[in-house]
Amino acid sequence: MKVLVVCQHFYPENFRINDICYELVKKGHDVTILTGLPNYPKGKVFKEYKWFKNRNQVINGVKIKRCSLVGRGKSTLMMGINYLWFALFGSLKALFMKKDFDVVYVFQISPITMAWPAILIKKLKKIPLIIHCVDQWPISVTVGPIKKESFIYKILYKISKWTYNQADTITLSSKSFEKYFVNELKISKEDKKLIYYPSYAESCYENIKQEENNVFDLVFAGNIGPAQSVETIVEAANLLKDEKDIFFHIVGDGLSKQDCEDLANKYNLKNIEFYGYFPAEEMPKFYSKADAFIITMVSNEVVNNTLPAKIQSYMIAEKPIIGAISGEVKEVVKDAKCGLCCESLDYKSLAELIKQAKNDKEKLKEWSINSKKYYLKYFEKEKGINDLIKRTESTKRGEENV
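Residues numbered from 1 in each chain as written. Predicted model: local features only at pLDDT ≥ 70, side-chain atom pairs only at ≥ 80, totals over all residues. Heavy atoms only, no water.

Student: Just to check I follow, could you spell out the pattern of salt bridges for this structure?
Tutor: Oppositely charged side chains can pair when the atoms bearing their charge come close. Counted by the stated rule, this structure contains 18 salt bridges. Note that D19 is salt-bridged to K381, the shortest N-O span being 3.0 Å. One end of the pair, D19, is in helix α1 (residues 17-26); the other, K381, is in helix α14 (residues 381-396), and 362 residues separate them in sequence. Taken as a pair, D19 and K381 share a single burial class, namely buried. Close ionic contact of E261 with K257 constitutes a salt bridge, the shortest N to O distance being 2.9 Å. Within this pair, E261 and its partner K257 are both found in helix α8 (residues 257-266), separated by four residues, close to a single helical turn. (Salt bridge = Lys/Arg side-chain N within 4 Å of Asp/Glu carboxyl O. Helix = DSSP H or I, 4+ residues; strand = E, 2+ residues; numbered from the N terminus. Buried < 20%, exposed > 50% of the residue type's maximum accessible area, 1.4 Å probe, protein only.)

Student: Before we go on, may I ask you to explain the pairing of strand β2 (residues 30-35) in this structure?
Tutor: The side chains of a regular strand alternate, first on one face of the sheet and then on the other. Counting buried residues along β2, five of its six residues qualify, which places the element largely inside the surrounding structure. As paired elements, strand β1 (residues 2-6) and β2 share five bridges and run parallel to each other. Among the inter-strand pairings, V3 is bridged to a residue of β2, identified as V31. In this region the chain leaves β1, passes through α1 and returns to the parallel neighbour β2; the handedness of that crossover is right-handed. (Pairing = 2+ DSSP bridges. Right-handed = clockwise from strand over helix to strand, strands pointing away.)

Student: Explain the sheet that holds strand β13 (residues 321-324) here, please?
Tutor: Spatially, six strands are ordered β11-β10-β9-β12-β13-β14 in an open sheet, and the strand pairing comes out parallel. Taken across any chain shown, the strands that pair with only one partner, and hence form the sheet edges, are β11 (272-276) and β14 (339-342). In this sheet, adjacent strand axes meet at a mean angle of 20° when their direction is disregarded. Pairing geometry for strand β9 (residues 216-221) and strand β12 (residues 292-296), over two bridges, is parallel. Opposite V219, over in β12, you have F293 as the bridge partner. The sheet contacts of helix α11 (residues 328-336) involve β12, β13 and β14, and relative to β14 the element is tilted by about 150°. (Axes fitted to C-alpha atoms, helices over the stretch in contact; angles between N-to-C directions. Contact = heavy atoms within 4.5 Å.)

Student: Help me out: how do you make sense of the sheet that holds strand β6 (residues 129-133) in this one?
Tutor: Hydrogen bonds between backbone atoms are what pair the strands of a sheet, whose relative direction is either parallel or antiparallel. Taken in spatial order, the eight strands make up an open sheet running β3-β4-β2-β1-β5-β6-β7-β8, and their pairing is mixed. This sheet does not close on itself; its edge strands, each paired only once, are β3 (56-59) and β8 (195-196). In terms of strand pairing, strand β7 (residues 169-172) meets β8 through two bridges, oriented parallel. Bridged to L172 within β8 is Y196. Lying on the sheet, α1 is in contact with β1, β2, β3, β4 (62-66) and β5 (103-108); it crosses β2 at an angle near 155°.

Written out as structure tokens, the structure is:
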């Protein structure tokens, strides 16, 4: 197949679409991606991509076409400009691209408008469009300053509903998303073939060796934004600051990183370290530190329906998961029997769970084994890629997905 992938973010930014594209090429498919200029998570365009540099590249066999883009910055206004910029200039870029594609595939994280260039290609070429939903729109924006009752939300609702309805198939990264599509967006499973398609983890997270140091090390990895509630980890670390054999490693960047560091400094914590952003290929060195992984999120209808891709990475690394999180993640950890979770934002209970886990070596071993077993049963990479190819080919042929 000749596949056009559309996603506002791509390598050197850390998103799972990178690996998906590389794997499709390995399977013999011709893959082109239309994307923007790397600027996530710091919000500034990487210097290697400024002044028209590296607009057309080939990486691991993937042909990359980059359109003009301003960085997302640190404000809601700049993020909005960034979103609209890609929608506009991505569509302009699409007009001048070769259009001999069989199918167009959108890896839809935020914003929904990143699908607009793909819709243009679909209509010009009359080829099928698949949207893979990682972030539900418009409900995702309510995690930030936009409220569901606002006029802006009502506009975004109409935009989102129209955009999703242009797809021939919609795949969902979380089982809970289907309810939102059917009940809120009024998009039926029959019309758009709403299909659960969970993330898998990159191979670099597998076969991680464990560092031994007589300390119970907890690792958080990923975006540090308002939704991730890393402040909950800092508060738990403060309660545990006299436990000399417990240490927290926070790897990642985002809008809330500085606030979390300031909170740790306010408490004068010596049991937590913030490392900043690292590319995926460097993450195994942090994963090897983990006696357990930690995940925290705020609690609302958006976050509770989401299954963050880091869960698959944690599981394939064969480590326990300890969380202050509600919704689908909590249910998966419970179903997998791979760790302990309390309610979102409950840092006191989180601290107690950490102490409980640290003192039960047998349970830690059992949770580790269960974590990997659950991953292999439900999220295994080879199966995931083959399922994607099968569904893409059936959409191309206009068949029912199975």
